[in-house]
Amino acid sequence: TSTGTQAGRTVTLDGSLLGSPLYSADGTHVVIATQTSTTSQGPLNQLNVSVVDTVTGVQTGSTITIRGSAATVVLNPTATRVVVTTATSVTVVDPSTGTQLGTTYTVNKGFSPPIVALSPDGTHALITTTDTTNTTRTLLNVIDLGTGTQARQVPLSGAVVGSPVFSGDGTA
């Protein structure tokens, strides 16, 4: 705040902080990702994504829980979507409402952790994974960030070398 006083109440989140908080486009909400682990049924990692209103200090929506360890938590260029990946999944979150868009998309198991590229206009994500048992097979997943759903999957030959890249006009 401009006075340096706390806004709202303290929000307590479970787990260890993952990276820096990410702010919505208008700066009124912050996305915080944490990682928790449990051994109740064998080792299990869980990624938790929470959104807090920076004006009131109150959590917006419910904490989104994703099974697995975080690979990436990134904000799209327009700061209107957060893309969260684990070794086997992709989830899209609206940082203004704290809601998940679509369902968590499962990346084929047995593939390398996803590598993410975001379109300049913030509408799509390209996510690549390479088959860990056959490094000549890669999958390119196109995610629609407006809906949080997979638009298409394209099988490619060869292993991933670097991040996927959009063309200059942002179409592919």
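The preceding data block contains the structure.
The rules behind the values
Residues numbered from 1 in each chain as written. Predicted model: local features only at pLDDT ≥ 70, side-chain atom pairs only at ≥ 80, totals over all residues. Heavy atoms only, no water. Salt bridge = Lys/Arg side-chain N within 4 Å of Asp/Glu carboxyl O. Helix = DSSP H or I, 4+ residues; strand = E, 2+ residues; numbered from the N terminus. Buried < 20%, exposed > 50% of the residue type's maximum accessible area, 1.4 Å probe, protein only. Contact = heavy atoms within 4.5 Å. Pairing = 2+ DSSP bridges. Axes fitted to C-alpha atoms, helices over the stretch in contact; angles between N-to-C directions. Polar contact = N/O pair within 3.5 Å; in protein donor to acceptor, adjacent residues only side chain to side chain.

> What is the right way to look at the pattern of salt bridges in this model?
Pairs may arise between side chains of opposite charge once their charged atoms sit close together. Scanning all chains against the criterion turns up one salt bridge. A salt bridge links D94 to R81; the nearest nitrogen and oxygen atoms lie 3.6 Å apart. Residue D94 is found in strand β8 (residues 89–94), and its partner R81 is found in the loop between β6 (70–75) and β7 (82–86); the two are separated by 13 residues along the sequence. The class for D94 is buried, based on a relative accessible area of 14%.

> What exactly am I supposed to notice about the environment of V154 here?
You can see V154 is positioned in strand β13 (residues 149–157). Spatially, the C-alpha atom of V154 lies 48 Å from that of Q6, the residues being 148 residues apart in sequence. Those residues in contact with V154 that lie beyond four places of it in its chain are T138, L139 and L140.

> Even after reading the chapter, I still don't get the sheet that holds strand β12 (residues 137–144), so can you show me in this structure?
Adjacent strands of a sheet form backbone hydrogen bonds with each other and so pair up, either parallel or antiparallel. An order of β10-β11-β12-β13 is seen for the four strands of this open sheet, with the pairing classed as antiparallel. This sheet does not close on itself; its edge strands, each paired only once, are β10 (115–118) and β13. On average, each strand axis in the sheet is tilted by 20 degrees relative to the strand beside it, whichever way the strands run. Bridging between β10 and strand β11 (residues 124–130) involves four bridges; their strand directions are antiparallel. From the neighbouring strand, V116 faces β11, where its bridge partner is I127.

> What am I meant to see in the side chain of R81 here?
A relative accessible area of 16% means that R81 is categorised as buried. At 2.7 Å, the side chain of R81 and the backbone oxygen of L145 are in polar contact. Setting aside its immediate chain neighbours within four residues, R81 contacts V74, L75, N76, V92, V93, D94, P95, L101, L145 and G146.

> Please explain the side chain of H29 as it appears in this structure.
Note on placement: H29 falls in strand β3 (residues 29–38). A polar side-chain atom of H29 sits 3.0 Å from a polar atom in the side chain of T28. Ignoring any residue separated from it by four or fewer positions in sequence, one finds H29 in contact with L22, Y23, S24, V51, V52, D53, T54, T60, P95 and S96.

> Before we go on, may I ask you to explain the pairing of β12 in this structure?
Regular strands place their side chains on alternate faces of the sheet. Burial analysis of β12 places six of its eight residues in the buried class, the great majority of the element. Across seven bridges, the pairing between β11 and β12 is antiparallel. Pairing of T130 across the sheet is with T138, part of β12. In textbook terms, the turn of a hairpin is the stretch between consecutive antiparallel strands, and for β11 and β12 this stretch comprises six residues. Relative to β13, β12 runs antiparallel, the two being bridged by eight bridges.

> Explain the sheet that holds β8 to me, please; I cannot follow it from the model alone.
Pairing within the open sheet is antiparallel, and its four strands lie in the order β6-β7-β8-β9. Each having just a single partner strand, β6 and β9 (99–106) make up the two edges of the open sheet. Direction aside, neighbouring strands of the sheet carry axes that sit 15 degrees apart on average. Summarising the sheet, β7 and β8 pair through four bridges and their orientation is antiparallel. By the bridge assignment for β8, T85 is matched with V90.

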